[in-house]
Amino acid sequence: MMSFLVAYGTKEGQTEKIAERIVAVLDGRGHEATAVSVADVPADLSVADFDAVLVGSSIHMGKHGTKIHRFVREHREALETRPNAFFQVSLSSAFPSEESDAHVAEYIEEFVENTGWEPDRIGAFGGALRYSKYGFFTRMMMMKRITRETIGETDTSRDYEYTDWDEVETFAADFAALVEAGDVAVNDDVAAGGEPEETSV
Ligand SMILES: Cc1cc2nc3c(=O)[nH]c(=O)nc-3n(C[C@H](O)[C@H](O)[C@H](O)COP(=O)(O)O)c2cc1C
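Everything numeric here is computed off the predicted structure, so don't read it as measured data.

A. Quick look at the overall build of the chain. Counting its secondary structure elements, the chain contains seven helices and eight strands. Each of the 201 residues in the chain was classed as buried or not, and the buried ones make up 44%. Intrachain contacts of the chain at a sequence separation of at least 6 include 80% that bridge at least 24 residues. Put simply, the chain shows about 10800 Å² of open surface, and 47% of that area lies on carbon and sulfur atoms.

Structure representation (structure tokens):
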């Protein structure tokens, strides 16, 4: 049995739902998996206590949130010295096209550039339209700016979920299999520090 941390940043809850499905897959393989919101990280959480880490984050206005950036920057060394994976949630992943594929890649690239973290594995999943959770302006803006570009007309009186759950489960199972097999090469530069040193205090 191995321990997995699934840290996620969410605004309307879809990334949290995906994080929970990943936890369920890992639990199902006999591991101990814990999902933690980066908006509410327990004070005593130590990333280094886990055997492997996944970080998930959703896109709003073309960007990942500030809290997920902060989490990754703060814990980068612990992340890089154990098997790690990143998953991104956006509407652009829901309807593949040349243009939306380019957006998906840009969001990931920018995140890697800003955080300096190069994940061992990367997943990109379709998100949801939660009109029921949006205020008036967000609803109108989403309808105009995103929906028309990627999906076509939508009915703002209902929610839409575009996540491909098989894809999420496969991603979680593939990452678990890599970790189980000890097949993920961690970043040697960072790992060169080796085991934590004993201190004299
Ligand atoms: C205000 C707003 C802006 C968004 N901007 C983008 C965007 O620029 N590109 C994109 O692909 N998806 C965009 N989305 C779609 C979200 O990524 C999608 O709704 C996702 O499921 C949100 O995940 P969360 O509930 O975990 O926050 C936007 C959604 C909202 C509400």
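So, next bit.
B. Layout of the side chain of Arg-130. Position of Arg-130 relative to the elements: it lies in the loop between strand 7 (128-129) and helix 5 (136-150). A distance of 2.4 Å separates the side chain of Arg-130 from the side chain of Gln-14, its partner in a polar contact.

C. Representation of the site of the ligand within the structure. Near the ligand you find 23 residues, and of these Thr-10, Thr-15, Ile-59, Ser-92 and Ala-128 are the closest. With respect to the ligand, the backbone of Met-61 contributes an N or O atom lying 2.8 Å from a nitrogen atom. The contact in question runs from a nitrogen atom of the ligand to an N or O atom on the side chain of Tyr-107, over 2.9 Å. In the complex, 95% of the free accessible area of the ligand, which totals 630 Å², lies under the protein chains. Residue assignment for the shell around the ligand shows that the elements contributing at least two residues are helix 1 (14-28), strand 3 (52-60), strand 5 (84-90) and helix 5. For the shell around the ligand, the element with the highest residue contribution is helix 5, accounting for four residues. Of the residues belonging to the shell around the ligand, the class tally is ten nonpolar, eleven polar and two charged. Composition of the shell around the ligand by domain shows at least three residues from each of domain 1 (3-127 + 162-191) and domain 2 (129-160).

D. Local environment of the pairing of strand 3. The buried fraction of strand 3 amounts to eight of the nine residues, a majority that puts the element mostly inside the structure. Bridging between strand 1 (residues 3-9) and strand 3 involves six bridges; their strand directions are parallel. The residue of strand 3 that forms the bridge with Tyr-8 is Gly-56. Sheet topology note: the strand 3/strand 5 ladder contains six bridges and is parallel. Within the sheet, the bridge partner assigned to Leu-54 lies in strand 5 and is Ala-85. Here strand 3 folds back onto strand 4 (residues 63-64) in antiparallel fashion, the turn holding two residues, of which Met-61 has a positive phi close to 50 degrees.

E. Up close: the nonpolar core. Residues Phe-4, Val-6, Ile-18, Ile-22, Leu-26, Leu-54 and Phe-87 are the most contacted members of the largest nonpolar core, which totals 23 residues. Mapped onto this core, the elements with two or more residues apiece are strand 1, helix 1, strand 3, strand 5 and helix 6 (165-181). For this core, the leading source of residues is helix 6, giving seven residues. Contact partners of Ile-18, with chain neighbours within four places excluded, come to Phe-87, Val-89, Phe-125, Gly-126, Thr-163, Trp-165 and Val-168. Listed in part, the 20 residues of the second largest apolar core include Val-72, Ala-78, Phe-86 and Val-112.

Conventions we followed
- Residue positions within a chain follow its written sequence, with the count starting from 1.
- Under the rules for a predicted model, residues below a pLDDT of 70 receive no local features and side-chain atom pairs below 80 are neither given nor counted, while totals for whole chains, interfaces and linings still include all residues.
- Side-chain metrics rest on all non-hydrogen atoms present in the structure, leaving aside hydrogens and water.
- Strands here mean DSSP runs of E at least two residues long; helices mean DSSP runs of H or I at least four residues long; both are numbered from the N terminus.
- Buried means the residue's accessible area, taken with a 1.4 Å probe over protein chains only, is under 20% of the maximum for its type, while exposed means over 50%, and partly exposed covers the values in between.
- Working rule for contacts: check all heavy atoms of both residues, and any pair within 4.5 Å makes them a contact.
- Reported accessibility uses the Shrake-Rupley method at a 1.4 Å probe radius. Residues are deemed covered only where the shown protein chains occlude them.
- Distance and chemistry together define a polar contact, namely a pair of N or O atoms within 3.5 Å, with one atom able to donate a hydrogen and the other to accept it when in protein, and with adjacent residues in sequence counting only for side-chain atoms on both sides.
- Note on terminology: near, applied to a residue and a molecule or strand, indicates that one of the residue's heavy atoms is within 4 Å of it.
- Classification used: nonpolar for Ala, Val, Leu, Ile, Met, Phe, Trp, Tyr, Cys and Pro, charged for Asp, Glu, Lys and Arg, polar for all others including Gly.
- For the domains described, the bounds stem from an automatic or database domain assignment.
- Only when DSSP finds a minimum of two bridges between them are two strands counted as paired.
- The set of buried Ala, Val, Leu, Ile, Met, Phe, Trp, Tyr and Cys residues whose side-chain atoms join them within 4.5 Å is what this entry labels a nonpolar core.

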